[in-house]
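One-letter residues, chain by chain:
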Amino acid sequence: MHPAASGPPVRIMPLGDSITDGHNAYPGGYRVALWQRLTADGRAVAFVGSLSNGPAELGSRQHEGHTGWRIDQLGERIDDWLQQAAPHIVLLLIGTNDINTDHAIADAPARLSRLLDRVRAAAPYCEVLVATLPPHANPTGERGVRAYNSALSGMLADRGPNFQLVDMHSALTVADLADGLHPGRSGFEKMAEVWYEALRTRLATLAPSRPPSAQQQGLGLDGEGLVERQ
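An account of the accompanying structure is given in this report. (Residues numbered from 1 in each chain as written. Predicted model: local features only at pLDDT ≥ 70, side-chain atom pairs only at ≥ 80, totals over all residues. Heavy atoms only, no water.)

Let's shift gears to the nonpolar core. Counting 59 residues, the largest nonpolar core has Leu-34, Leu-92, Leu-112 and Trp-195 as the members making the most contacts within it. Considering every element that reaches this core, the biggest residue donor is helix α7 (residues 185–204), with 9 residues. Among all residues touching Leu-34, those that are not within four sequence positions of it are Phe-47, Leu-91, Ala-192, Trp-195, Tyr-196 and Leu-199. (Core = buried A, V, L, I, M, F, W, Y, C linked by side-chain atoms within 4.5 Å. Buried < 20%, exposed > 50% of the residue type's maximum accessible area, 1.4 Å probe, protein only. Helix = DSSP H or I, 4+ residues; strand = E, 2+ residues; numbered from the N terminus. Contact = heavy atoms within 4.5 Å.)

In structure tokens:
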């Protein structure tokens, strides 16, 4: 028997592209196994976002996984999403489509930095877990992935404790990909484990602090504000 979740939920926004959505290979993607791990621990969590999909075993289906989107496209909408969903934690994995479409790859880390600046400005108390990109089956794509990933550590180093790099690349192999680009079920389950381990320490430091604002109540949000335990 799993422990019962208690207290107001921690709002978690899965943010990215089709890998966050789940794509055709496995609807719901990593969110399915991650939800199961968190709730099995008795964690009170809610996935939030303007999109919704996934199988019956995914108890919270909202997300911001936009198929085919690049870093700059997320940046154009991120302010609205953060205001509407008011997440406490963002799980960000983005950049695959920048690499896959050869969209100014050398500037991709700078675009990500600008996206993170927008997140910090719009939601200064939100915690952001930034994942490296999973492997790419195409050798040229993999070189782009590795160059992009290598830039993330330095980018996050000076952003403070609310930003954390999560190594997703080393957790998967090309064998975990369903089509050379998107993970299959085994790959998504491995991703869920990586996110889970990164989230455990974050969730342990959060505690309810205040009721939702009038704006959040008007939007129908039910979570309370959270602060770090002292």
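Over its 15 residues, helix α5 (residues 108–122) runs 21 Å from end to end, which matches the ideal 21 Å to within 8%, given 1.5 Å per residue. Listed as buried for α5 are Ala-108, Pro-109, Arg-111, Leu-112, Leu-115, Leu-116 and Val-119. Seen along its axis, α5 keeps its buried residues to an arc of 155 degrees; they face one direction. Each element contacted by the buried residues of α5 is listed here: α3 (71–85), β5 (89–93), α4 (96–100), β6 (127–131), α6 (139–157) and β7 (163–166). (Expected span 1.5 Å × (residues − 1). Arc of directions from axis to C-beta.)

Applying the stated rule across the entire model yields 13 salt bridges. Overlapping salt bridges bring together Asp-98, Asp-107, Arg-111 and Arg-114 as one network. (Salt bridge = Lys/Arg side-chain N within 4 Å of Asp/Glu carboxyl O.)

Among the 5 residues of β5, 5 are classified as buried, and the element is accordingly described as predominantly covered. Residues Ile-89, Leu-91 and Leu-93 of β5 are buried on one face, and the alternating residues Val-90 and Leu-92, pointing to the opposite face, are buried as well. Note: strand β1 (residues 10–16) against β5, 5 bridges, orientation parallel. By the bridge assignment, Met-13 is partnered in β5 with Val-90. (Pairing = 2+ DSSP bridges.)

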